[in-house]
Amino acid sequence: LHMDFKCQEVYDLAPLANVDQAQVLQTQFQTAYDSYQPNASRTQAQQDEARLIHALLQVCKQRLMAAGIIKFFNTCLQFGFPLILQQLLLYFDAVAEGTEEYRYAGYYLSALLLLFIGTKSITESAYFHRVQRCAYEVRATISAAVYSKSLRLTATAQQTTTLGEMVNLMQVDATKLEMFV
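Keep in mind that this is a model prediction, so the values were computed, not measured. Along each chain, numbering runs from 1 in the same order as the chain's sequence is written. For a predicted model such as this one, the threshold for reporting local features is a pLDDT of at least 70, and the threshold for listing and counting side-chain atom pairs is 80 or more; totals across whole chains, interfaces and linings nevertheless cover every residue. The basis for every side-chain value is the complete set of non-hydrogen atoms in the structure, without hydrogens or water.

This next bit is on the pattern of salt bridges. In what follows, salt bridge is the name for a side-chain nitrogen of Lys or Arg lying within 4 Å of a carboxyl oxygen of Asp or Glu. If you walk through the whole model with that rule in mind, you get five salt bridges. Between E137 and R63 there is a salt bridge, and its shortest N-O distance comes to 2.9 Å. Of this pair, E137 sits in helix 3 (residues 105-151) while R63 is found in helix 2 (residues 44-97), placing the two residues 74 residues apart along the sequence. A simple rule labels every residue: compare its accessible area, found with a 1.4 Å probe on the protein chains alone, to the largest value its type can have, and call it buried under 20%, exposed over 50%, or partly exposed in between. Assessed through its relative accessible area of 2%, E137 is described here as buried. Taken together, the shared-partner salt bridges in this structure form one network comprising D20, R63, R133 and E137. Going along the chain from the N terminus, every DSSP run of H or I of four or more residues is numbered as a helix, and every run of E of two or more is numbered as a strand.

Listed below in structure tokens is the structure:
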């Protein structure tokens, strides 16, 4: 029995969740971009930069906040390792001297250390998963925004902007922002 898992057509792929589709992300981005209230004390370039940052944060704010909470918990777990190891070493010293009070404390401390290591691994994976999805959202949003803008260019502006510049903005610059996240 031979099974070939090559995707031959678009419909062979698993459907993309609605929240991850570029059209939905572009709508969220455009709504946040349009609703930005400029600050009169800033220059036009600073206002444009602040508007872009505001809109991008609105697109992936929930994922970033969840990732921050998970990362905080992960960091707390990381500080727990030395404390548990210290208690485990103190237990071994007590066993060597014959003064241990609790016979099974070493097993409990070892199990606790294993639990901390396993939980840290899971939380670290969850953190990176959320950050990678946020980075994907930023890249898809920027690419869709640049593409949407390119469709609205006037004939004069289309003559001054080459296809290569558009592709550069959509791919390279969006990838740089993705890598930043």
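There is more to say after this.
Turning our attention to the packing of helix 2 against helix 3. Lines fitted to the C-alpha atoms define the axes, with helices restricted to the stretch that makes contact. Angles between their N-to-C directions range from 0 to 180 degrees. In contact at an axis separation of 8 Å, helix 2 and helix 3 are set at 165° when each is read in the N-to-C sense. The angle between helix 2 and helix 3 falls in the class roughly antiparallel. As for the relative orientation of helix 2 and helix 3, their crossing is left-handed in sense. Amino acid classes used here: Ala, Val, Leu, Ile, Met, Phe, Trp, Tyr, Cys and Pro are nonpolar; Asp, Glu, Lys and Arg are charged; the rest, including Gly, are polar. For the contact of helix 2 with helix 3, the per-class residue count stands at 27 nonpolar, nine polar and seven charged. For classification, angles of less than 35 degrees are called roughly parallel, those exceeding 145 degrees roughly antiparallel, those between 65 and 115 degrees roughly perpendicular, and all remaining angles oblique. Handedness of a crossing is defined here by the sense of rotation of the near helix relative to the far one, left-handed for an anticlockwise turn of less than a right angle and right-handed for a clockwise turn.

Take the packing of aromatic side chains next. Here is the rule: rings of Phe, Tyr and Trp (six-membered ring for Trp) pair when centre to centre is within 6.5 Å. Planes less than 30 degrees apart are stacked, more than 60 are edge-to-face, and the remainder are tilted. Applying the stated criterion across every chain, the model contains four aromatic pairs. With a centroid separation of 5.7 Å and 25° between ring planes, the pair formed by F29 and Y33 is classed as stacked. With a gap of four residues between them, F29 and Y33 both fall in helix 1 (residues 22-34), about one helical turn apart. The partly exposed category is assigned to Y33, whose relative accessible area is 26%. Judged by centre distance (5.9 Å) and plane angle (55°), the rings of Y91 and F92 are tilted. Geometry around Y33 places R51 over its ring, the cationic atom sitting 5.2 Å from the centre. We call a charge positioned above a ring when the Lys NZ or Arg CZ atom is no farther than 6 Å from the ring centre and deviates by at most 35 degrees from the ring normal. The ring of Y127 has K71 sitting right over it, with the charged end atom 5.3 Å from the ring centre.

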